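# Structure assessment
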Amino acid sequence: MAVPALPLALAGRADHAVYTMLGSFTTTFGRNLPYARRARVLALVAVAMTACVGCGSALAVWAQPRDGGAGAAVTVVATAVVAGAAKFACDAARLSGLGAVLLLFSFAVAANGSTDPADILLQTALAAIGAAVAWILAVLGWFAHPDRPQRLAVAAALRELADLWEAAGAGNVHGLVRHRATAAVLQAYRTLGVLPPSAAQRGGRGDTCLRLTDLAWALLVGSARRVPDDPAGLARNLRRQVRLLVSRRRRLPRILPELAVPSLIAQGAAVPGVVAPGPTTLRATELRATELVMGRDAPRADAPGADAPGAGAPGAGAPGAGAPGAGAPRTGAAGRVAPGRVAPSRTAILLVPALRMVLGTGLAGGAALLFGLGHGYWAAISAAAVLHSVNVRTAAQRAVQRTLGTMAGLLLALGVLAARPDPVVLVLVIVLLEFLLEYVVARNYGLGVVFLTPLALLLTDLAVPSPAGDLVQDRALSSLLGVGIALVCALVVVHDRAAVRAQRALTACRAASARAERALEERAVESFPVAQGQLAAAVVELREADDAAAGELWPAEIDPTELAAAEHRGYLLLERFARWK
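Bear in mind the structure is a predicted one, so any value in this text is a computation, not a measurement.

Calculation rules
Residues numbered from 1 in each chain as written. Predicted model: local features only at pLDDT ≥ 70, side-chain atom pairs only at ≥ 80, totals over all residues. Heavy atoms only, no water. Helix = DSSP H or I, 4+ residues; strand = E, 2+ residues; numbered from the N terminus. Buried < 20%, exposed > 50% of the residue type's maximum accessible area, 1.4 Å probe, protein only. Contact = heavy atoms within 4.5 Å. Areas by Shrake-Rupley, 256 points an atom, 1.4 Å probe, with all protein chains shown as cover. Salt bridge = Lys/Arg side-chain N within 4 Å of Asp/Glu carboxyl O. pLDDT = per-residue confidence, 0-100. Phe/Tyr/Trp six-rings, centres within 6.5 Å; stacked < 30°, edge-to-face > 60°. Arc of directions from axis to C-beta. Disulfide = S-S within 2.5 Å. Expected span 1.5 Å × (residues − 1). Bend = angle between axes of the 7 residues up to and from the residue. Lys, Arg positive; Asp, Glu negative; His and termini not counted. Core = buried A, V, L, I, M, F, W, Y, C linked by side-chain atoms within 4.5 Å. Patch = residues over 30% accessible without salt bridge, like charges linked within 9 Å, V, L, I, M, F, W, Y side chains within 5 Å. Axes fitted to C-alpha atoms, helices over the stretch in contact; angles between N-to-C directions. Parallel < 35°, antiparallel > 145°, perpendicular 65-115°, else oblique. Left-handed = near helix turned anticlockwise from the far one by under 90°. Nonpolar A, V, L, I, M, F, W, Y, C, P; charged D, E, K, R; others polar.

## Concerning the overall build of the protein
From N to C terminus, the protein includes 21 helices and zero strands. Residue burial in the protein is summarised as follows: out of 581 residues, 54% are buried. In the protein, of all internal contacts separated by at least 6 residues, the share reaching a separation of at least 24 is 78%. Of the accessible surface of the protein, which amounts to about 23900 Å², a share of 63% is contributed by carbon and sulfur atoms.

In structure tokens:
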């Protein structure tokens, strides 16, 4: 952000530096992606960010929103449409963080900025320059640490696995802990670009990162049945390995001797390709799964109805690539198909949060316009920040965090503006706030808002200077208005899409389990990687869908024991894959 903005500030054009900073928001996307994938994703984000600034600048010239009237109303409508489109696109691409809010912010600042036609191309070009510099700096790390994202992904998987074993040692293992560990291990495999190991690959493969991920996979699937003799010690060793992975050394670290196969066998932990001593057999595992999970004889995979509707549907093979079994019919409380009802497509499910975003930002912007608030688009942005969440429950939590964080941030902004810094110092303060925002927002959203609020205020003051008191007052009133309207929209726009997703995920998880059992019975080793990958993805989606549905007003009407049984059955089958020989 500082690289393209500081020269303009030093040249006395701090108002133009704002648009390079807007383009520089590109760096907030895709931070954990491998460099090759990050380069592709950020290129698209850079185009989108530049387009938002360009369209906003053109709208400012055409609609003249500062004059009020119809032009201001058109700008409110356009802002709401951009908010909904950004929400839909970010959800479809699974871009986490404040993606849609930052795209909306770039559009809104430009749409309420200069009305000089000559500035349209200039502001668009400046945003493109800022985005290009951000793209270069984001992929520059490849020359120093080309495998840094992969190391961090594997370290995250080991860290979650250490949490799982610590919880196991304390006798406090619950589904959410195992779910986080499973999602982290699958994310590590996606980052490395490989599937979990097949039976023929159990002897060790690839470099340190891949071997550690295979080890994490084996420990994870083994956790469904047994706990090692010293889970706390194993957790400590995993955390030691994490510290080695995240170090800045260019050379890959070694694997700790305590995590080698002989040491893990001595601890009683499951490892790739090793069958623990004892009477455990595939049939015994199957019977135990039947007794613990189903409470009755498990149906054969080739029996009628074993493959539930939706088996093999697109999206079942990759976590986060859509709900497994997309297109499956809607199921009832026990996962059966409800006659006459067809589950909506993934597009239909994504449309509801986008509709909430359009409605919330449109009403917030319209209310700010009606009440005559200056910088009324802040109300729309505040509403978007609250509605950029998973469900009603998280929206309410975010509303509280947003309100408290905004109040603290306003005090910080007031202190900065009261000092009347010159433009160069203001640019440096904005850069510092951006750094702090990106550092803390992933850890605590409320703390992130403390830095986001003065960042937005100072950017606005840099573009169009205003009295500090007016800026703070407008921001406070707009934020309260936007948060309140967003909460109402989250409550009013009620739908059963999240419940449908949970029901469909249950059906897809059962179908994936049936396919996995069939592959094991037929000893189709070549299909093991795909089968276990689909099963693990279905288990992760089942937990995420259930969590999303639990936060909505429309109940999922699924017996929690059905979900727990399907999830546990999936982990037992994954253990069979790991121990198959």
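## Some details on the pattern of salt bridges
Inspection of the entire model under this criterion finds six salt bridges. For Arg180, the salt bridge is made with Glu160, and the minimal N-O distance between the two is 3.7 Å. You can see Arg180 sitting in helix α8 (residues 175-192) and its partner Glu160 sitting in helix α7 (residues 148-169), a full 20 residues away along the chain. Under the relative-accessibility criterion, Glu160 is labelled partly exposed at 22%. Close ionic contact of Arg569 with Glu517 constitutes a salt bridge, the shortest N to O distance being 3.0 Å. Of this pair, Arg569 sits in helix α21 (residues 560-579) while Glu517 sits in helix α19 (residues 497-521), and the two are 52 residues apart along the sequence. The exposure classification of Arg569 matches that of Glu517, with both residues buried. Taken together, the shared-partner salt bridges in this structure form one network comprising Asp163, Glu166 and Arg239.

## Points about the confidence of the model for the protein
Mean pLDDT for the protein: 76, with 75% of residues reaching 70 or above. Throughout residues 265-343 the model reports pLDDT below 50, and contacts reaching past four residues in sequence, or to other chains, amount to 154 contacts.

## Digging into the packing of aromatic side chains
This model, assessed by the stated rule, comprises five aromatic pairs. Ring geometry for Trp142 and Phe143: centres 5.2 Å apart, planes at 85 degrees, overall edge-to-face. Residue classification places Trp142 among the partly exposed residues on the basis of a relative accessible area of 45%. According to the relative accessible area criterion, Phe143 is exposed, its value standing at 57%. Seen from their ring centres, Phe435 and Tyr439 are 6.4 Å apart, and the 20 degrees between their planes marks the pair as stacked. Note that Phe435 and Tyr439 are positioned in helix α16 (residues 423-440) at a spacing of four residues, about one turn of the helix. When its relative accessible area of 54% is taken as the criterion, Phe435 is described as exposed.

## Quick word on helix α1 (residues 2-10)
Structurally, the α-helix is built with 3.6 residues per turn, so residues lying three or four positions apart point the same way. Within the sequence span of α1, burial applies to Pro4, Ala5 and Ala9. Summarising the axial view, the buried residues of α1 lie within an arc of 125 degrees, below the 170-degree limit, and thus occupy one face. Along α1, the residues that are exposed and aim more than 90 degrees away from the buried face are Val3 and Leu10. On its buried face, α1 is in contact with α2 (14-24), α6 (119-139) and α16.

## Some thoughts on the state of the cysteines
On inspection of all chains with the given rule, the structure shows zero disulfides. For Cys90, which is in no disulfide, the shortest distance to another cysteine sulfur is to Cys52 and amounts to 9.4 Å. Cys90 sits in the buried class, given a relative accessible area of 3%.

## Structural notes on helix α17 (residues 445-463)
The terminal C-alpha atoms of α17, which comprises 19 residues, lie 26 Å apart, in line with the 27 Å expected from a rise of 1.5 Å per residue. The largest bend in α17 amounts to roughly 25 degrees and is located at Phe451, with the proline Pro454 lying one to four residues further along. In terms of residue burial, α17 counts as a mostly covered element, since 18 of its 19 residues are buried.

## Concerning the side chain of Arg148
Along the polypeptide, Arg148 turns up in helix α7. No salt bridge is formed by the buried Arg148. Its closest oppositely charged neighbour is Asp147, at 7.4 Å. Discounting residues that sit within four places of it in the chain, Arg148 has contacts with Tyr35, Leu245, Val246, Ser247 and Arg248.

## Remarks on the nonpolar core
One finds Val18, Leu22, Phe25, Phe105, Ile381, Leu455 and Leu459 to be the most contacted residues of the largest nonpolar core, which totals 84 residues. Excluding residues within four positions of it along the chain, Phe105 makes contact with Leu22, Phe25, Ile381, Ala456 and Leu459. Membership of the second largest hydrophobic core comes to 56 residues, among which are Ala155, Val185, Tyr189 and Leu219.

## Here's the deal with unusual backbone geometry
Of note, the phi angle at Gln64 is positive, near 50 degrees, even though the residue is not glycine. The partly exposed category is assigned to Gln64, whose relative accessible area is 26%. Phi at Arg420 takes a positive value of approximately 50 degrees, unusual for a residue other than glycine. We classify Arg420 as exposed; its relative accessible area is 74%.

## Some details on a nonpolar patch on the surface
A surface patch of nonpolar side chains, amounting to about 710 Å² of accessible area, comprises Val3, Trp135, Ile136, Leu137, Leu140, Trp142 and Phe143. Sort the elements by how many residues they give to the nonpolar patch and α6 lands first, with three residues. Mapped onto the fold, Leu140 is located in the loop between α6 and α7. For Leu140, a relative accessible area of 43% corresponds to the partly exposed category.

## Re the packing of helix α14 (residues 377-387) against helix α18 (residues 468-492)
Packed helix pairs are specified by the crossing angle of their axes together with the interaxial distance, meaning the distance between the axes. Remark: α14 packs on α18, axes separated minimally by 7 Å, with the N-to-C direction vectors making an angle of 45 degrees. Considering the angle they form, α14 stands oblique to α18. The way α14 lies across α18 gives a crossing that is right-handed. In this structure, α14 contributes Trp378, Ala379, Ser382, Ala383, Val386 and Leu387 to the contact, and α18 contributes Leu471, Asp474, Arg475, Ser478, Ser479, Leu481, Gly482, Val483, Ala486 and Ala490. Split by residue class, the contact of α14 with α18 holds 10 nonpolar, four polar and two charged.

## Details of the environment of Val74
In this fold, Val74 is placed in helix α4 (residues 69-93). Val74 sits 10 residues away from Gln64 along the chain, and the two C-alpha atoms are 9.6 Å apart. Contact partners of Val74, with chain neighbours within four places excluded, come to Leu59 and Trp62.

## Comments concerning the environment of Arg38
With respect to the helices and strands, the residue Arg38 is situated in helix α3 (residues 35-63). Sequence spacing of Arg38 and Pro149 is 111 residues, and the spatial spacing of their C-alpha atoms is 9.8 Å. Ignoring sequence-local partners within four residues, the contact set of Arg38 consists of Gly30, Arg31, Asn32, Leu33, Ala138 and Pro149.

## Re the environment of Leu158
Positionally, Leu158 belongs in helix α7. In this structure Leu158 comes out as buried when scored by relative accessible area, which is 1%. Leave out the neighbours within four places in its chain, and Leu158 touches Leu212, Ala216, Leu238, Gln241, Val242 and Leu245.

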